[in-house]
Amino acid sequence: RRSADLQLHPMSAKPRGRRRRNDSSRSGIVQAARREFAERGYERATIRSIAASAKVDPATIYHFFDDKNDLLTAALEFPVSDDVIRLLIPTDADFSVTSLLGGVLELWQEPEIAERFMVLIRVAVTHPDAAAGVSALFRTAVLGPLMERITGDDAELRAGLVGSQIAGLALLRLVMPYPPIANASIEELVEAVSPTIIRYLTGALSENHPDGSLPQA
């Protein structure tokens, strides 16, 4: 087993695989693996189930990938490109929280992108060796550009808090749908969540309450 060597890479990276006899066959296998990992999780997905979903013989998978971990690496590309991230979190233009959140929610309406996010989350919580890689990928693709827009010594914490809001929405909207969140409109969620993200980015993160009580509304 080589799960400790699992590496993740952004969509802009070139596909990995030791043999590339046919790009379309490889792509079909990766798409099938992504579906299986999203629906079953890493442990329950098997080479046989992936092959059946891709309508190929299991031996065909080994023409392109060493094992299931190698296939997982190919399936766990970040769902959107660096260019899209830069549109959501621009470095040379005014930054809008509502545009960021609305843009993310709109991306999740694209079936393939939603599926890729589901794979990232489900594999991260069910496959310990992949969790660190998924976290590193998220830091590089999303939190890094976000930290560039935050001033102060706590930029990493603030970016992480924003990430926690986005990851929480993904969990309750995509992976384990909670009806009030899953069925809410984009506009409703943007209006409800944006003030919290704005506070994470620019507001006070704590108030002094020596007795441990919560601040009063």
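## With respect to the environment of Ala114
Here is step 1: If you trace the backbone, Ala114 turns up in helix H7 (residues 111–126).
Here is step 2: In this structure the C-alpha to C-alpha distance between Ala114 and Ala170, which are 56 residues apart in sequence, comes to 8.8 Å.
Here is step 3: Residues within four places of Ala114 in sequence aside, it is in contact with Trp108 and Leu174.

## Brief notes about the nonpolar core
Here is step 1: Among the nonpolar cores identified, the biggest contains 65 residues, and Phe37, Leu71, Phe78 and Trp108 are the most heavily contacted of them.
Here is step 2: Beyond its immediate stretch of four places on either side in the chain, Trp108 contacts Ala114, Phe117, Ile166, Leu169, Ala170, Arg173 and Leu174.

## Here's the deal with a negative patch on the surface
Here is step 1: Residues Glu106, Glu187, Glu188 and Glu191 make up a contiguous surface patch of negative charge.
Here is step 2: It is helix H11 (residues 186–202) that provides the largest number of residues to the negative patch, a total of 3 residues.
Here is step 3: Examined against the element boundaries, Glu187 turns out to sit in helix H11.

## Brief notes about the packing of aromatic side chains
Here is step 1: Taken as a whole, this structure holds 3 aromatic pairs when the rule is applied.
Here is step 2: A centroid spacing of 5.8 Å and a plane angle of 25° characterise the contact between Phe37 and Tyr42, whose relative ring orientation is stacked. Comparing Phe37 with Tyr42, the two get one shared label, buried.
Here is step 3: Pairing Phe64 with Phe65 gives two aromatic rings, centres 6.4 Å apart and planes at 50°, and the pair type is tilted.
Here is step 4: Classification of Phe64 by relative accessible area gives buried; the value is 2%.
Here is step 5: Judged by its relative accessible area of 0%, Phe65 is buried.
Here is step 6: When the ring centre of Tyr42 is taken as origin, the NZ or CZ atom of Lys68, which lies over that ring, is 4.3 Å away.

Rules used throughout
- Residues numbered from 1 in each chain as written.
- Predicted model: local features only at pLDDT ≥ 70, side-chain atom pairs only at ≥ 80, totals over all residues.
- Heavy atoms only, no water.
- Helix = DSSP H or I, 4+ residues; strand = E, 2+ residues; numbered from the N terminus.
- Contact = heavy atoms within 4.5 Å.
- Core = buried A, V, L, I, M, F, W, Y, C linked by side-chain atoms within 4.5 Å.
- Buried < 20%, exposed > 50% of the residue type's maximum accessible area, 1.4 Å probe, protein only.
- Patch = residues over 30% accessible without salt bridge, like charges linked within 9 Å, V, L, I, M, F, W, Y side chains within 5 Å.
- Areas by Shrake-Rupley, 256 points an atom, 1.4 Å probe, with all protein chains shown as cover.
- Salt bridge = Lys/Arg side-chain N within 4 Å of Asp/Glu carboxyl O.
- Lys, Arg positive; Asp, Glu negative; His and termini not counted.
- Charge placed at Lys NZ, Arg CZ, Asp CG, Glu CD.
- Phe/Tyr/Trp six-rings, centres within 6.5 Å; stacked < 30°, edge-to-face > 60°.
- Lys NZ or Arg CZ within 6 Å of the ring centre and 35° of its normal.

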